[in-house]
Structures are given as C-alpha cells and as structure tokens.
Amino acid sequence: MKKSSFVAMLMGTVSGVLFALGMCMALIPEWGAFQPGIVFGCVGLLLGLVTVVIWRKMEHKAPVRFSAKTLLAAVVGVIGALALGVGMCFCMVWGKMVIGIIIGLAGIVVLLCLIPLTKGLKG
C-alpha cells in the first residue's frame, strides 16, 4: 500500500468517525449533547476536506479546480443523497413503505446520474 493511500485511509476514517459521532450527539435527544455534536460534526467535515487536500498533494495531483461542472456534480450528489435518506426515513421512521421506496429509488437514480455527469459517455 502506498503511503499516500494509507494516510488518506487513516485520515478519512478518523474524519468519518468524528462526523458520525457528532451527528449522533446532535440528533439523539437522550444524549443531550447538541452543541458538542455540532462541533464534532464540523471538525469531522473539516478533517475530511483536509484529507482530500493532503492526499492530492502526496499524489502530486493538481488542486481541485472549481467549475460549473464540479458545482453541478456536488449539487446533484447532495440532492441524491438527501432523497435517498428521506426515503429511508419514510420507510424506517414513519412507517410509510411505498412512498419511502419510491423516494429512495429516485435518490438512487439521481446518484447514478453522477457517473455520466462526471465520467462522460463514450460511444
């Protein structure tokens, strides 16, 4: 395993755990840790962004350039993930299986649209 991959894996795992723990702290009322949860979640997000920058630097890749295509891909990804999550909530939390499955499948389709959007179609 390359050193850059190991560092990215380690930092990505730590950032993901911090983010997940922060969201649990913020969203589970029994824990009573809303504000510290927000802090942990933000630290996890920030560490995730730092991980991307460090990995790209270790791989000698150019920094990420922000363009309209990059912004569109990010927006489509967020919309797809939110739709998938809302569909799961409808199924598991609110007990509305049919509408939850429909919304979740729509979210999956939107996420699948990211592949041709980012990679393009080759004939």
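For the structure, see preceding data.
This structure is a prediction, so every number in the text was calculated from the model and none was measured. (Residues numbered from 1 in each chain as written. Predicted model: local features only at pLDDT ≥ 70, side-chain atom pairs only at ≥ 80, totals over all residues. Heavy atoms only, no water.)

A.B. asks: How would you summarise the side chain of threonine 51 if you had to cite specific residues and measurements?
C.D. replies: Mapped onto the elements, threonine 51 comes out in helix H2 (residues 34-58). For threonine 51, the side chain forms a polar contact with the main-chain oxygen of leucine 47, separated by 2.7 Å. (Helix = DSSP H or I, 4+ residues; strand = E, 2+ residues; numbered from the N terminus. Polar contact = N/O pair within 3.5 Å; in protein donor to acceptor, adjacent residues only side chain to side chain.)

A.B. asks: Explain helix H4 (residues 97-112) to me, using residue names and the numbers behind them.
C.D. replies: With 16 residues, H4 ought to run about 22 Å at 1.5 Å a step, and its terminal C-alpha atoms sit 22 Å apart, in line with that. Looking only at H4, the buried set comprises Gly100, Gly104 and Gly107. Buried residues of H4 fall within an arc of 55 degrees about the axis and therefore sit on the same side. Turned more than 90 degrees off the buried face of H4, the exposed positions are Val98, Ile102 and Leu112. Packing partners of the buried residues in H4 comprise helix H3 (68-92). (Expected span 1.5 Å × (residues − 1). Buried < 20%, exposed > 50% of the residue type's maximum accessible area, 1.4 Å probe, protein only. Arc of directions from axis to C-beta. Contact = heavy atoms within 4.5 Å.)

A.B. asks: A description of the packing of H3 against H4 should follow, citing residues and the corresponding values.
C.D. replies: Direction vectors running N to C along H3 and H4 enclose 160 degrees, while the axes themselves pass 7 Å from each other. As summarised for this structure, H3 and H4 are arranged roughly antiparallel, according to the angle between their axes. As for the relative orientation of H3 and H4, their crossing is left-handed in sense. For the pair H3 and H4, the contacting residues are Val76, Gly77, Gly80, Ala81, Ala83, Leu84, Val86, Gly87, Phe90 and Cys91 in the first and Met97, Ile99, Gly100, Ile101, Ile103, Gly104, Gly107, Ile108, Val110 and Leu111 in the second. For the contact of H3 with H4, the residue count by class is 14 nonpolar, six polar and no charged. (Axes fitted to C-alpha atoms, helices over the stretch in contact; angles between N-to-C directions. Parallel < 35°, antiparallel > 145°, perpendicular 65-115°, else oblique. Left-handed = near helix turned anticlockwise from the far one by under 90°. Nonpolar A, V, L, I, M, F, W, Y, C, P; charged D, E, K, R; others polar.)

A.B. asks: Tell me what's going on with the pattern of salt bridges, and back it up with residues and numbers.
C.D. replies: Inspection of the entire model under this criterion finds one salt bridge. Between lysine 2 and glutamate 59 there is a salt bridge, with the nearest N and O atoms lying 3.0 Å from each other. Here the residue lysine 2 occupies a position in the segment before helix H1 (3-27), and glutamate 59 occupies one in the loop between H2 and H3, the gap between them amounting to 57 residues. (Salt bridge = Lys/Arg side-chain N within 4 Å of Asp/Glu carboxyl O.)

A.B. asks: So, unusual backbone geometry: which residues are in play, and what are the values?
C.D. replies: With a phi close to 60 degrees, histidine 60 is a non-glycine residue in the positive phi region. With respect to the helices, strands and loops of the structure, histidine 60 is situated in the loop between H2 and H3.

A.B. asks: Can you lay out the environment of cysteine 89 for me, pointing to particular residues and giving the numbers?
C.D. replies: Mapped onto the elements of the fold, cysteine 89 is located in helix H3. Separated by eleven residues in sequence, cysteine 89 and glycine 100 place their C-alpha atoms 7.2 Å apart.

A.B. asks: I'd like a rundown of H1, residues and numbers included.
C.D. replies: Between the first and last C-alpha of H1 there are 36 Å, a value that for 25 residues agrees with the 36 Å anticipated at 1.5 Å per step. For H1, the full list of buried residues reads Ser4, Ala8, Met11, Ser15, Gly22, Met25 and Ala26. Close packing links the buried residues of H1 with H2.

A.B. asks: Can you lay out a nonpolar patch on the surface for me, pointing to particular residues and giving the numbers?
C.D. replies: Residues Met97, Val98, Ile99, Ile101, Ile102, Leu105, Ile108, Leu112 and Ile115 make up a contiguous nonpolar surface patch of roughly 850 Å² in combined accessible area. Ranked by residues supplied to the nonpolar patch, first place goes to H4 with eight residues. You can see isoleucine 102 is positioned in helix H4. Owing to a relative accessible area of 51%, isoleucine 102 belongs among the exposed residues under this scheme. (Patch = residues over 30% accessible without salt bridge, like charges linked within 9 Å, V, L, I, M, F, W, Y side chains within 5 Å. Areas by Shrake-Rupley, 256 points an atom, 1.4 Å probe, with all protein chains shown as cover.)

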